[in-house]
Amino acid sequence: MDAEIIIIGAGVIGLAIAEKISEKYSNVFIIEKHLTFGQETSSRNSEVIHAGIYYTRESLKARLCLEGKPLLYEYCNKYSVPYNNCGKLIVATSGEEIPVIEGIKQNAKAIGLDDIITIDARQIAELEPEVFAVKALWSPSTGIIDSHSLMKQFETNSINNGCQVVYGSEVTAIVKIPGGYEVSVTDADGNTFSFTTSVVINSAGLTSDKIAEMVGIREESLRIHFCKGEYFRINPPKNKLIKRLIYPVPHREMEGIGIHVTIDMGGGVKLGPDVKYLDSNVYDYRLTPSKQKDFYRSAKKFLPFLEEDDIAPEMAGIRPKIQKPGEAQKDFYIMEESDRALPRFINLIGMESPGLTSSVSIANYVRNMLNNCF
Ligand SMILES: Cc1cc2nc3c(=O)[nH]c(=O)nc-3n(C[C@H](O)[C@H](O)[C@H](O)COP(=O)(O)OP(=O)(O)OC[C@H]3O[C@@H](n4cnc5c(N)ncnc54)[C@H](O)[C@@H]3O)c2cc1C
């Protein structure tokens, strides 16, 4: 075989996997269609290190988030990747919302998150004097991270381990051959060439379902539905009034967890993301200034200092969801496909949040999967 292992996609997950498996295996390649890493979902997200509060028990999302969070903090400390363990408040703004936050706390406890506590209005004011809430949940282990620096570190360590990182090259076809796969790649000049590999790891994010289709996996349940999320920034000087992540209480009818406040490592403060399934899977990162009033109204409930013209459109990202609009949340799909007669073909599909938080634990999970194949 020309290669031992190829990983398709240099987002945060593909890069984390590349670093981990190139520690043990040689002749590893990562193939990315853009000219550098992290040009899609991995650079268009909230950069939150999630605690794991909202995920269902027994799900891979809960398990990999809970395992991944301390591993990520450890990784950041080891390699000086900037992060801020700032903590997060989930705020109840009325008496009716208090039972909801208690329910969230119970769920968090059930999946093994023991550090979430309920705090009252006085304690909230000590942490965030400008926020209005009657009660809140306090998650001390939540944080934020500089995701670009994280990806750069994964890339550097992968290269130092001997992994070859190939940019500007799009995987366009994969054929099963005895003992492995023949992969066709088209480069930035439009030239197509093929090579053989024993292992394929599909970490292609928004188009991971298309990669799976190349080897005949055409399941409706693995089809990706693009789900856009837009952000508005809070303009200076009011961005300085918030120091932590502030989330409202999620309501039953919501598809997301509500317009929340995220801070970033550069001192920026954002509202969002909202949730809007796109009619077709197109890369539509356009912003919608007409949403300003809705964002303002949602945030005003717990940020009383905010005026409508304090915010402005900032950016958008697209979630690679495998649940259709209105369907219950689905789990990450991470599978070695021997059962489909595709040995050593590993699919990662539906890698939405908490994919960034879980990047190191996902890499460990895939490495263990791979170790069992040899
Ligand atoms: C709005 C939003 C907010 C989020 N907030 C958070 C958060 O706060 N915390 C958190 O933990 N997670 C968050 N997430 C989720 C997180 O961003 C993702 O789980 C993570 O970035 C997925 O990484 P990835 O490597 O799988 O995908 P990507 O970053 O999309 O990388 C996939 C790569 O594959 C490449 N590729 C695709 N097809 C091919 C091909 N045929 N050939 C070659 N290359 C190909 C793409 O170019 C791309 O670079 C959020 C996501 C969104 C959209």
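A.B. asks: Where do I start with the overall build of the protein chain in this structure?
C.D. replies: A count of helices and strands for the protein chain gives 8 helices and 20 strands. In summary, the protein chain has a C-alpha radius of gyration of 21 Å against a globular reference of 21 Å for 374 residues, a match within 12%. Principal-axis analysis of the C-alpha atoms places the extent of the protein chain at approximately 65 × 40 × 40 Å. Here the protein chain holds 374 residues, and 46% of them are scored as buried. Long-range contacts, defined as pairs at least 24 residues apart, comprise 73% of the intrachain contacts of the protein chain with a sequence gap of at least 6.

A.B. asks: Just checking my understanding: could you explain the site of the ligand for this structure?
C.D. replies: Of all residues adjacent to the ligand, which total 42 residues, the nearest are Gly9, Gly11, Asn45, Gly205 and Gly355. Those elements that place two or more of their residues in the shell around the ligand are helix H1 (12-22), strand E10 (169-177) and strand E18 (311-321). A class-by-class count of the residues in the shell around the ligand yields 15 nonpolar, 19 polar and 8 charged. If you count residues domain by domain, the shell around the ligand takes at least three from each of domain 1 (3-46 + 148-222 + 329-371) and domain 2 (88-140 + 225-321).

A.B. asks: What exactly am I supposed to notice about the pairing of strand E20 (residues 345-349) here?
C.D. replies: Looking along a regular strand, one sees the side chains alternate between the two faces of the sheet. Across the 5 residues of E20, 5 count as buried, placing the element largely inside the fold. Of the two faces of E20, the one carrying Phe345, Asn347 and Ile349 and the one carrying Ile346 and Leu348 are both buried. Relative to E20, strand E12 (residues 192-202) runs parallel, the two sharing 3 bridges. Each residue of the ladder has a partner; that of Asn202, found in E20, is Asn347. Pairing between strand E19 (residues 333-336) and E20: 4 bridges, direction antiparallel. Paired with Ile334 across the two strands is Leu348, which belongs to E20.

A.B. asks: I would appreciate a short explanation of the domain arrangement of the protein chain in the present structure.
C.D. replies: Accessible area lost when the parts come together is the quantity often used to give the size of an interface. Domain annotation of the protein chain identifies domain 1 (3-46 + 148-222 + 329-371) and domain 2 (88-140 + 225-321). Computed from C-alpha coordinates alone, the two centres of domain 1 and domain 2 are separated by 31 Å. Taken together, the contacts link 10 residues of domain 1 with 10 residues of domain 2. Residues that form the side of domain 1 that touches domain 2 fall into these classes: 2 nonpolar, 6 polar and 2 charged.

A.B. asks: Looking at this structure, I do not really get unusual backbone geometry. What am I missing?
C.D. replies: Both trends apply: most residues other than glycine have a negative phi, and most peptide bonds are in trans. With omega at -5°, the peptide bond leading from Gly272 into Pro273 counts as cis. Looking at where Pro273 falls in the secondary structure, it is placed in the loop between strand E16 (269-272) and strand E17 (276-277). Residues Ser353 and Pro354 are joined by a peptide bond in cis, for which omega reads 10°. In this fold, Pro354 is placed in the loop between E20 and helix H8 (359-371). Positive phi values are uncommon outside glycine, yet Glu58 reaches one of about 75°. In this fold, Glu58 is placed in the loop between strand E3 (48-49) and helix H2 (60-79). In this model, Ser80 sits at a positive phi of 55°, which is unusual for a non-glycine residue.

A.B. asks: Help me understand the packing of H1 against H8, please; the structure alone is not making it clear to me.
C.D. replies: Axes are the key here: two packed helices are described by the angle between their axes and the distance separating the axes. One can describe the packing of H1 onto H8 by two numbers: an axis separation of 8 Å at closest approach and a directional angle of 50°. With respect to H8, the axis of H1 lies oblique. Crossing hand, H1 versus H8: right-handed. Only Ser359, Val360, Ile362, Ala363, Asn364, Val366, Arg367 and Leu370 of H8 make contact with H1, whose side of the interface consists of Val12, Ile13, Ala16, Ile17, Glu19, Lys20 and Ile21. When grouped by side-chain class, the residues that make up the contact of H1 with H8 number 10 nonpolar, 2 polar and 3 charged.

A.B. asks: It is not clear to me how the sheet that holds strand E4 (residues 83-84) should be interpreted in this structure. Could you clarify?
C.D. replies: The pairing of strands in a sheet happens through backbone hydrogen bonds and is either parallel or antiparallel. Taken in spatial order, the 3 strands line up as E3-E8-E4 in an open sheet, and their pairing is antiparallel. For this open sheet the edge positions go to E3 and E4, each flanked by a neighbour on one side alone. Bridge analysis of E3 against strand E8 (residues 143-145) gives 2 bridges, and the strand direction is antiparallel. By the bridge assignment, Val48 is partnered in E8 with Ile144.

A.B. asks: Help me out: how do you make sense of the packing of H2 against H8 in this one?
C.D. replies: Axis separation between H2 and H8 bottoms out at 6 Å; the angle between their running directions is 110°. Taken together, the axes of H2 and H8 lie roughly perpendicular to each other. For the pair H2 and H8, contact is made by Leu64, Glu67, Gly68, Leu71, Leu72 and Tyr75 and by Ser359, Val360, Ser361, Ile362 and Tyr365, respectively. The residue makeup of the contact of H2 with H8, split by class, is 7 nonpolar, 3 polar and 1 charged.

A.B. asks: Got a minute to help me understand the pairing of E12 in this structure?
C.D. replies: Pairing of strand E1 (residues 3-8) with E12 involves 5 bridges; the strand directions are parallel. Across the sheet, the residue bridging to Ile8 is Asn202, located in E12. For strand E11 (residues 180-187) and E12, the ladder comprises 6 bridges, and the chain directions are antiparallel. Bridging across to E12, Val183 finds its partner in Phe195. Between the antiparallel neighbours E11 and E12 lie 4 residues, among them Gly190 with a positive phi of about 90°.

Reading guide: rules and limits
- Residues numbered from 1 in each chain as written.
- Predicted model: local features only at pLDDT ≥ 70, side-chain atom pairs only at ≥ 80, totals over all residues.
- Helix = DSSP H or I, 4+ residues; strand = E, 2+ residues; numbered from the N terminus.
- Rg over C-alpha atoms; globule rule 2.2 N^0.38 Å.
- Buried ≥ 20, exposed ≤ 12 C-beta atoms within 10 Å, placed from the backbone.
- Contact = placed C-beta atoms within 7 Å.
- Near = placed C-beta within 6 Å.
- Nonpolar A, V, L, I, M, F, W, Y, C, P; charged D, E, K, R; others polar.
- Domains from an automatic or database assignment.
- Pairing = 2+ DSSP bridges.
- Axes fitted to C-alpha atoms, helices over the stretch in contact; angles between N-to-C directions.
- Parallel < 35°, antiparallel > 145°, perpendicular 65-115°, else oblique.
- Left-handed = near helix turned anticlockwise from the far one by under 90°.

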